[in-house]
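A structural walkthrough
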Amino acid sequence: MSRQASMQKFRESIRGQSFCPGDSGYDAARVIPNGMIDRRPAVIARVAGVADVIECVRFARENDLPLSVRGGGHSVAGKSICDGGLMVDLSGMKGMRVDPVRRTARAQTGLKLGEFDRETQAFGLATTLGVVSATGIAGLTLGGGWGHLHAKYGLAVDNVIGADVVTADGRLLIANASENADLFWGIRGGSGNFGILTSLEYRLHEVGTVLAGAVFHPVTKAKDLLRFWRDYAAESPDELVTQGGAFCLPDGTPVFAIAACYCGDLAAGEHVLKPLRSFGSPIADNVAPMSYVQLQSMFDPFFPPGRLTYVKSNFIRDLSDDAIEILASYSGKSPSPYTFGPFIEHWHGAATRVAPTDTAFPHRQYDFNFFAWSNWVNASDSEKNIQWTRECWQAMQPHLIAGAYGNYIADEGATFAREAYGPNYDQLSELKRKYDPTNFFRLNHNIPPGSEEPVAKSA
């Protein structure tokens, strides 16, 4: 059978839509939020269900096609789209069922955070999932899943209680604590290395009105604010999550701001947040009681799709005075008004009380995560924005560990994977040998099966 005939037969065999170059809708289907990424798959399959996913795996294997998987498409590294291969687009799979009695949710992996939160909040429930509502639940969860509730309820991976996984040999496996427990361990932090997840089951928690928002200061006050925040964060209760850094307001004003979410008794939250809100002379303070859904969309206006994006990130070993000097020196200096950087997140509470080897996600012991998340509009500005991002990251190197939160990485090599998976790398490599011995699922932060040696990491 000719390649063209084989392709046509495949397209007719699936229930969902498919797109090839030249088809109406192809260019729209291949676009992902990071405007830096411009790739052209041979075919895009917008799958309608598990049977379509299985057929995609079969077709890609038999035709030796690279296969990428798109959930929300928010991989800043562009892992969700491939050149010349098959892109499995899960965006049509949005089924979800909330069990308010058991406090669980079964969600298909085409859902985005905002869609998931809307369903769970109808019952006064939620779980930890990112901070931008347009992000896909699957990729975020597979990479760890930091969010506003992590200190009280753990990361997204800590709240996964089961998954359906289509493996490289086309089988659909159930993965939970009692069935395929090794696979269940591996998907919770192992990126997309072990298969295509078609649904995830999460543990939910009671979440009502939260006290949230941000306190904004002139960017020139970054050093003083960081020193205050370091001490303030050390006393944070589990109900409080903070993050902050340098960026520009919509009118172009450069600021250094700290965003906060207190999930608990609102009166207690007012008391806990008072030192943050009264420190220095803020130019604005929009902290207020709000719904969790409102909070989860608070950052959305700053991350519209289509901007060019480049990110460098690692965990901070110690937020020392020297590290603060560097962070302050780069604050307000990005060549783009749309950049978030330098920026840091405070990691603590329940997420850090999980042992590094209990899930595949190992980074549980560091208080702060650093990133420079550069966004800009014109391709002609790419070189200077990428250079600034790297310079900021390089300046912070003496204060960073080698490991990183994989969801924030724009460029990496095999060495990065070894560092990102830390003490779990060897076990993950053996798991990869069991479930994907040919490294069929390789368009991810990849873990080759066996003992392949890493190559040098790019800058």
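Scope of this entry: the structure provided in the associated data block. Just so we're clear, the structure is a prediction, and the values are computed from it rather than from any experiment.

1. Things to note about the environment of G130
Along the chain, the position of G130 falls in the loop between β7 (125–126) and α5 (137–142). On the basis of relative accessibility, which here comes to 4%, the residue G130 falls in the buried class. Look past the residues within four positions of G130 in its chain and what remains in contact with it is L113, L140, W146, G147, H148 and Q296.

2. Description of the nonpolar core
Counting residues in hydrophobic clusters, the biggest one holds 66 residues, and the most contacted among them are F116, L129, I137, W146, L183 and Y405. Not counting residues up to four positions away in its chain, the partners in contact with L129 are L113, F116, I137, L140, T141, W146, A156, Y202, Y292 and Q296. L226, L276, W388 and L400 belong to the second-largest nonpolar core, a separate cluster that totals 37 residues.

3. What to know about unusual backbone geometry
Omega for the bond connecting G341 with P342 falls within 30 degrees of zero, at -5°, which places this linkage in the cis form. Topologically, P342 is positioned in strand β18 (residues 340–346). Here the phi dihedral of N180 falls at roughly 50°; this positive angle occurs in a residue that is not glycine. At S191, a position not held by glycine, the phi torsion is positive, near 60°. The exposure class assigned to S191 is buried, which follows from its relative accessible area of 17%.

4. Details of the state of the cysteines
Evaluation of the coordinates by the stated rule reveals zero disulfides. C248 takes part in no disulfide bond, and the closest cysteine sulfur to it belongs to C392, at a distance of 14 Å. Residue class for C248 comes out buried when judged on its relative accessible area of 18%.

5. A short note on the side chain of R70
Within the secondary structure, R70 is located in strand β3 (residues 67–70). In this structure R70 is buried but unpaired, with D89 as the nearest side chain of opposite charge at 4.4 Å. Among residues more than four places away in sequence, those in contact with R70 are A29, V31, I32, S80, M87, V88, D89, L90 and S91.

Here is what the cut-offs are and how they apply
Every chain is numbered on its own, with residues counted from 1 as its sequence reads. For a predicted model such as this one, the threshold for reporting local features is a pLDDT of at least 70, and the threshold for listing and counting side-chain atom pairs is 80 or more; totals across whole chains, interfaces and linings nevertheless cover every residue. The side-chain quantities take in all heavy atoms of the structure and omit both hydrogens and water. Where helices and strands are cited, they refer to DSSP runs of H or I of at least four residues and of E of at least two residues respectively, numbered from the N terminus. Type-normalised accessible area, obtained with a 1.4 Å probe on protein chains alone, sets the label of each residue: buried when under 20%, exposed when over 50%, and partly exposed for intermediate values. Whether two residues are in contact is decided by their heavy atoms, any of which lying within 4.5 Å being enough. Only buried residues count toward a nonpolar core, which is a set of Ala, Val, Leu, Ile, Met, Phe, Trp, Tyr and Cys residues joined through side-chain atoms within 4.5 Å. The rule for a disulfide is simple: a pair of cysteine sulfur atoms within 2.5 Å. Asp and Glu are treated as the negative residues and Lys and Arg as the positive ones, with His and the ends of the chain left uncounted. The working definition used for a salt bridge is a side-chain nitrogen of Lys or Arg within 4 Å of a carboxyl oxygen of Asp or Glu.

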